[in-house]
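As a plain string of letters, each chain reads:
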2 protein chains.
Amino acid sequence: MLSDDCNIGDDLRRRLYRAFLDIFLLRLIDEEPLWGYRLMEILRDRYGLRVGPPVLYPLLSSLERRGMVEGLDVHVGGRRRKVYQLTNRGRAYVRRFEEVVREALGL
Amino acid sequence: MLSDDCNIGDDLRRRLYRAFLDIFLLRLIDEEPLWGYRLMEILRDRYGLRVGPPVLYPLLSSLERRGMVEGLDVHVGGRRRKVYQLTNRGRAYVRRFEEVVREALGL
DNA sequence: TACATTATATCGCTTCTCCGATATATTCAA
DNA sequence: TTGAATATATCGGAGAAGCGATATAATGTA
């Protein structure tokens, strides 16, 4: 039953992350500026969530287009890298989300 | 900007309800036993969320099959009605969800 | 040198979700 | 009497989301 509880919790957690991947990406980027590949690593290693390039990159592009992050082209040891920083708009969006959740669940 | 904020909040709220409609149904049923048509009314009037029969009824059936609610056939003034009650399993599921959200968002 | 890692990005197919339309039945109200 | 409201339920098509496969490029390692 305990392992069943864990499975349910895992499942719910996965659902939550999937449904609001954009928000959770923004929250990670709020901690520190990050790039696509690193974000995929963190999601996989910290949350056990496998998000591949076809999902992640269009989503990052969308977030940039909506002004929630700013993408900076950087060169690291000869490799290109696009590092994303959170904008105020992105930060406000996350705060709004937390508010909505708190309200909706009475937390 | 204020109305923009409201729109963002509304949008996020809608996303939340959509993504976790099963949970929010369970929470409504936790308040009191309810039936399909009434649930649709509440979602529409209280949350501005339009959920039609094709979404709601299969979802209620699924919740029943998973043992989270129990459906009781009732006759009300000559009409059939299927009233759903929350089971302990359903209640536990909701609690687990709240826990997961709290954890994930540090609320 | 060949393969793995780091890194960005897209395409097309499959699966899932949502929605319009619909069916049926009983009661209520104009 | 007719149409609306209350109530349950499903089907099939459209759109959205997810995933496998892929491409490209530079660096690192065995």
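In what follows, the structure referred to is the one given above.
Parameters at a glance
Residues numbered from 1 in each chain as written. Chains lettered and ligands numbered in written order. Predicted model: local features only at pLDDT ≥ 70, side-chain atom pairs only at ≥ 80, totals over all residues. Heavy atoms only, no water. Core = buried A, V, L, I, M, F, W, Y, C linked by side-chain atoms within 4.5 Å. Buried < 20%, exposed > 50% of the residue type's maximum accessible area, 1.4 Å probe, protein only. Contact = heavy atoms within 4.5 Å. Phe/Tyr/Trp six-rings, centres within 6.5 Å; stacked < 30°, edge-to-face > 60°. Helix = DSSP H or I, 4+ residues; strand = E, 2+ residues; numbered from the N terminus. Lys NZ or Arg CZ within 6 Å of the ring centre and 35° of its normal. Buried area = accessible area lost by both parts, 1.4 Å probe. Salt bridge = Lys/Arg side-chain N within 4 Å of Asp/Glu carboxyl O. Polar contact = N/O pair within 3.5 Å; in protein donor to acceptor, adjacent residues only side chain to side chain. Nonpolar A, V, L, I, M, F, W, Y, C, P; charged D, E, K, R; others polar. Near = heavy atom within 4 Å.

(A) Representation of the nonpolar core in the model. Among the nonpolar cores identified, the biggest contains 66 residues, and Leu25 of chain A together with Leu25 of chain B are the most heavily contacted of them. Setting aside residues up to four positions removed in sequence, leucine 25 of chain B forms contacts with Leu39, Leu43, Leu56, Leu59, Leu60 and Leu63 of chain B.

(B) Spatial organisation of the packing of aromatic side chains. Scanning the entire structure with this criterion turns up six aromatic pairs over all chains. Both rings, one in phenylalanine 20 of chain B and one in phenylalanine 97 of chain B, keep their centres 4.8 Å apart while their planes meet at 45 degrees; by these two values the pair is tilted. In this pair, phenylalanine 20 of chain B is assigned in the loop between helix H1 (2-19) and helix H2 (21-31) and phenylalanine 97 of chain B in helix H5 (residues 88-105), connecting sequence segments 77 residues apart. Like phenylalanine 97 of chain B, phenylalanine 20 of chain B is buried. What links up through ring pairs into an aromatic cluster is the set Tyr17, Phe24 and Tyr47 of chain A. The ring of tryptophan 35 of chain A has arginine 81 of chain A sitting right over it, with the charged end atom 3.7 Å from the ring centre.

(C) Molecular detail of the interface of chain A and chain B. On the chain B side, the residues contacting the 27 residues of chain A number 26 residues. Counting each side, the surface lost to burial between chain A and chain B is near 2600 Å², with a carbon and sulfur contribution of 66%. Among the residues chain A hides against chain B, the three largest losses belong to Leu12, Arg15 and Leu105 of chain A. Together they make up 23% of the total. Between chain A and chain B we count four salt bridges in total. Here arginine 13 of chain B makes a salt bridge to glutamate 103 of chain A, at a shortest N to O gap of 3.7 Å. Across the contact surface, chain A and chain B share ten residue pairs in polar contact (both at pLDDT 80 or more). Elements with a minimum of two residues in the side of chain A that touches chain B: helix H1 (2-19), helix H2 (21-31) and helix H5 (88-105) of chain A. Per-class residue counts for the side of chain A that touches chain B are 15 nonpolar, two polar and ten charged.

(D) Just the pattern of salt bridges, in detail. Applying the stated criterion to the full structure yields 26 salt bridges over all chains. Across the pair arginine 13 of chain A and aspartate 10 of chain A runs a salt bridge whose closest N-O atoms are separated by 2.9 Å. You can see arginine 13 of chain A and its partner aspartate 10 of chain A sitting in helix H1, three residues apart, about one turn around the helix. Between aspartate 45 of chain B and arginine 44 of chain B there is a salt bridge; the shortest N-O distance is 3.2 Å. With relative accessibility at 56%, the residue aspartate 45 of chain B sits in the exposed group. Via salt bridges that share partners, Arg27, Asp30, Arg91, Arg95 and Glu98 of chain A belong to a single interconnected network.

(E) Quick look at the protein's contact with DNA strand D. Around DNA strand D sit 16 residues, and of these Pro54 of chain A together with Tyr37, Tyr57, Arg79 and Arg81 of chain B come closest. Within 4 Å of the protein, the atoms of DNA strand D are drawn from sugar and phosphate moieties in a proportion of 56%. One nitrogen or oxygen atom from the side chain of arginine 79 of chain A is found 3.3 Å from a base nitrogen belonging to DNA strand D. Only helix H3 (36-47), helix H4 (53-65) and strand S3 (79-86) of chain B provide two or more residues apiece to the surface near DNA strand D. If one sorts the elements of the surface near DNA strand D by residue count, S3 of chain B sits on top with five residues.

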